[in-house]
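# Chain and residue survey
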Amino acid sequence: SGGPVPRRRRPWPVPCAGFPRRIMPAQSRHRLYATWALLLALDVAIQVTMKLAGDRLHGIPPGWDWAVAALSSWLVWVSLAGYVVTFVLWLAILHSSSLSAAFPATALVYVLVPLAGWVLLGEKFSLWQGAGIGLILTGVILQRDTAPPG
């Protein structure tokens, strides 16, 4: 009975690209999907909120007055709180995913933020942006299928 104690292993393999494989228990898989959805939605909301905060600083030259005005904006503080929450969500994702597999999926923010700018802020959306989004989505899909197991 004096033998080495075996290492504890995860009950399932690390999923590829941050997305779970079928062998992960359904409850864990659903939790991971929900965490990803919340992370992406919150990250988009943060970027939109920061844009609105930045627009309110228009006309104030960069410097002390600009910094005071920025730190006085509730939009900036909401955004900073959002960053703290996304940090916690990212840690939760990394708990059940390898970094090399999960990180490429964060590129979905580069798809969602321009779309949010177009839909919510009335920003222009060009054919080139659409093509770039298509390339990003292709890269995320290709990475998902070729990511090494964690």
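What you are looking at is a predicted structure, and each value in this text was computed from that prediction instead of being measured.

About the thresholds
- Residues numbered from 1 in each chain as written.
- Predicted model: local features only at pLDDT ≥ 70, side-chain atom pairs only at ≥ 80, totals over all residues.
- Heavy atoms only, no water.
- Core = buried A, V, L, I, M, F, W, Y, C linked by side-chain atoms within 4.5 Å.
- Buried < 20%, exposed > 50% of the residue type's maximum accessible area, 1.4 Å probe, protein only.
- Helix = DSSP H or I, 4+ residues; strand = E, 2+ residues; numbered from the N terminus.
- Contact = heavy atoms within 4.5 Å.
- Patch = residues over 30% accessible without salt bridge, like charges linked within 9 Å, V, L, I, M, F, W, Y side chains within 5 Å.
- Areas by Shrake-Rupley, 256 points an atom, 1.4 Å probe, with all protein chains shown as cover.
- Salt bridge = Lys/Arg side-chain N within 4 Å of Asp/Glu carboxyl O.
- Phe/Tyr/Trp six-rings, centres within 6.5 Å; stacked < 30°, edge-to-face > 60°.
- Axes fitted to C-alpha atoms, helices over the stretch in contact; angles between N-to-C directions.
- Parallel < 35°, antiparallel > 145°, perpendicular 65-115°, else oblique.
- Left-handed = near helix turned anticlockwise from the far one by under 90°.
- Nonpolar A, V, L, I, M, F, W, Y, C, P; charged D, E, K, R; others polar.

## Observations concerning the nonpolar core
Trp-36, Leu-39, Leu-40, Trp-90, Ile-93 and Ala-102 are the most contacted members of the largest nonpolar core, which has 13 residues in total. Of all elements in the fold, only α1 (26–56) and α3 (74–95) reach the threshold of two or more residues within this core. When residues in this core are grouped by element, the largest group, four residues, is from α1. For Leu-39, the contacting residues outside a window of four places in its chain are Thr-86, Leu-89, Trp-90 and Ile-93.

## Description of the environment of Leu-80
Tracing the backbone through its elements, the reader meets Leu-80 in helix α3. Residue classification places Leu-80 among the partly exposed positions, given a relative accessible area of 35%. Each C-alpha atom, one on Leu-80 and one on Ile-46, is 8.1 Å from the other, the two residues being 34 residues apart in sequence.

## A closer look at a nonpolar patch on the surface
Residues Met-50, Leu-71, Trp-77, Leu-80 and Tyr-83 make up a contiguous nonpolar surface patch of roughly 460 Å² in combined accessible area. Top contributing element to the nonpolar patch by residue count: α3, with three residues.

## Observations concerning the packing of aromatic side chains
Taken as a whole and judged by the stated rule, the model has three aromatic pairs. Centre to centre, the rings of Trp-90 and Phe-103 are 6.4 Å apart; their planes meet at 70°, and the pair counts as edge-to-face. Of the two residues, Trp-90 sits in helix α3 while Phe-103 sits in the loop between α4 (99–102) and α5 (109–121), which places them 13 residues apart along the sequence. Residue Trp-90 is classed as buried on the basis of its relative accessible area of 18%.

## Focus on the pattern of salt bridges
The full count for this structure, using the stated rule, is one salt bridge. For Asp-55, the salt bridge identified is with Lys-51, shortest N-O distance 2.8 Å. With Asp-55 and Lys-51 both in helix α1, this residue pair falls four residues apart, about one helical turn. You can call Asp-55 partly exposed: its relative accessible area is 42%.

## Description of the environment of Ser-97
Its location among the elements puts Ser-97 in the loop between α3 and α4. Overall, Ser-97 belongs to the buried group, its relative accessible area being 4%. A sequence separation of 65 residues divides Ser-97 from Leu-32, and the C-alpha atoms of the two residues are 9.3 Å apart.

## Quick look at α5
All buried positions along α5 are accounted for by Val-109, Val-111, Ala-116 and Gly-117. At the exit of α5 stands Gly-122, carrying a positive phi of roughly 70°.

## A short note on the side chain of Ser-79
Tracing the backbone shows Ser-79 in helix α3. Judged by relative accessible area, Ser-79 falls into the buried class, the value being 1%.

## Structural notes on the packing of α1 against α5
Interhelical geometry of α1 versus α5 gives an angle of 50° and a closest axis separation of 9 Å. Between α1 and α5, the angle is such that the two are oblique. Considering how the two elements wind past one another, α1 and α5 form a crossing that is right-handed. Within the contact between the two elements, α1 uses Leu-40, Asp-43, Val-44, Gln-47, Val-48, Lys-51 and Leu-52 and α5 uses Val-109, Leu-112, Val-113, Ala-116, Leu-120 and Leu-121. Of the residues that constitute the contact of α1 with α5, the class distribution is 10 nonpolar, one polar and two charged.

All quantities given are derived from atomic positions and should not be read as evidence of function.
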